[in-house]
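Chain by chain, the residues run as shown.
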Amino acid sequence: MKKSSCFPAVLLALLLVGCANREAAPGAASSASEPAPPLKMDTLNVEVSQPDAAPEERMRAVRELPGALQAALAEAGVQVEEVRLTMGASPAATAQAVLEGGVDVAFLPAEALAELEESPRLILAAGGEEEGMPGQRMLLCAADTDYGRNLAAREDPTWRELDRARWGVLPADSLWGHRAVELWLADRYEGSGLEDLPDVTVYGDWEALLAAAAAGEVDLLPMTRPLLEREGGSLTPIGETERLYTMAAVAGEGREGLASPLAEAVASLGEAALFGPDPYAPVGEEALDPQRRMAVLMG
């Protein structure tokens, strides 16, 4: 397929950084370098920005979670006289409130955070787990078709070889099933993406995509490692992204040391509708770099 020769300089720079650091770990914050949390605090202002939360869930959170979070933090070794919890109007407004000092700690979608030009310090991330670390990679897999097996035997397939494959992906709102594929392609093939491929079929969910692979209808498709181990069968990984995340926590100045106690406290609350279903863990600021490149890529 013909590829565009006009490629924004800022995106090219970000993609080159991504390629250079493709094998690097996401930089989990070590316990040795993490600031010690304050053992006693007068007030902790927490804000949650969760656009998908229902109105009744938001009201319940404001009413019930401050006391529950206060107790959970105490169990984690941090005594707080008063926890105040608010629900943010938007991720951007929540991040700005942290930057301005009105909020101490905030939880918000990782992709929304990655889109911001200026953001508070990242302290936690969540989004599945691989090898004891938060976040999951997208695995690009070859199906058990004649051409899929041919691609699986290639150490580094060319764009022309990928261009001949039948691709299966999920809808564009899927992180690991679509947008991560765009990131993988752009990082390796000069900004090219799914729109540059001639044979791409969008399936409604993972079950339909796996069924298509089993029926020999696609040669290449994305997977996550847990899904591959559970349902992948004869699929063969031929490439992967860096770790990607669904939720993140940021902190204002002087509150960075609360990362580990907050991760422990949130895990004990079991509030998946607000904080997401996956456990949080301390990460370095660079953990969101792949999703920052993705934000530029997707416009």
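Now for a quick tour of the structure. (Residues numbered from 1 in each chain as written. Predicted model: local features only at pLDDT ≥ 70, side-chain atom pairs only at ≥ 80, totals over all residues. Heavy atoms only, no water.)

For Glu190, which is not glycine, the phi dihedral falls at a positive 55°. Structurally, Glu190 is set in the loop between α7 (175-188) and β9 (200-202). (Helix = DSSP H or I, 4+ residues; strand = E, 2+ residues; numbered from the N terminus.)

This part is about helix α3 (residues 91-99). Those residues of α3 lying buried are Pro91, Thr94, Ala95, Ala97 and Val98. Angular distribution of buried residues about the axis of α3 spans 155°; they occupy a single face of the element. Elements in contact with the buried residues of α3: β1 (40-48), β3 (105-109), α4 (110-114) and β12 (247-251). (Buried < 20%, exposed > 50% of the residue type's maximum accessible area, 1.4 Å probe, protein only. Arc of directions from axis to C-beta. Contact = heavy atoms within 4.5 Å.)

Packing of α7 against helix α12 (residues 289-298) brings their axes to within 10 Å, and their N-to-C directions diverge by 85°. Here α7 lies roughly perpendicular to α12, going by the angle between them. Contacts between α7 and α12 involve Leu175, Arg179, Ala180, Glu182, Leu183, Ala186 and Asp187 from the first element and Pro290, Gln291, Arg293, Met294, Leu297 and Met298 from the second. (Axes fitted to C-alpha atoms, helices over the stretch in contact; angles between N-to-C directions. Parallel < 35°, antiparallel > 145°, perpendicular 65-115°, else oblique.)

Take the pattern of salt bridges next. One pass over the full model with this rule turns up 17 salt bridges. Note that Glu161 and Arg154 form a salt bridge whose closest N and O atoms lie 2.9 Å from each other. Relative accessible area serves as the criterion here: at 18%, Glu161 is assigned to the buried category. Residue Arg154 is classed as partly exposed on the basis of its relative accessible area of 36%. The residue Arg293 makes a salt bridge to Glu242 at a minimum N-O spacing of 2.7 Å. Of the two residues, Arg293 is situated in helix α12 and Glu242 in the loop between β11 (236-240) and β12; the sequence distance between them amounts to 51 residues. Across this residue pair, the class does not change: Arg293 and Glu242 are buried. (Salt bridge = Lys/Arg side-chain N within 4 Å of Asp/Glu carboxyl O.)

Phe107, Leu124, Phe275 and Tyr280 are the most contacted members of the largest nonpolar core, which totals 33 residues. Sorting the residues of this core by element identifies β1, α2 (55-75), β2 (79-87), β3, β4 (121-126), β12, α10 (259-269) and α11 (272-275) as the ones contributing at least two each. A per-element tally of this core places α10 first, with six residues. Beyond its immediate stretch of four places on either side in the chain, Tyr280 contacts Phe107, Leu124, Ala125, Ala126, Met247, Ala248, Ala249, Ala263, Val266 and Phe275. (Core = buried A, V, L, I, M, F, W, Y, C linked by side-chain atoms within 4.5 Å.)

Before going further, it helps to examine the packing of α2 against α10. Relative orientation of the contacting elements α2 and α10 amounts to 125°, with a least axis distance of 8 Å. Relative to α10, the element α2 is oriented oblique. Like other packed secondary-structure pairs, α2 and α10 cross with a definite hand, here right-handed. Taken together, the residues of α10 that come into contact with α2 (itself represented by Ala68, Leu69, Ala72, Leu73 and Glu75) are Pro261, Leu262, Glu264, Ala265, Ser268 and Leu269. (Left-handed = near helix turned anticlockwise from the far one by under 90°.)

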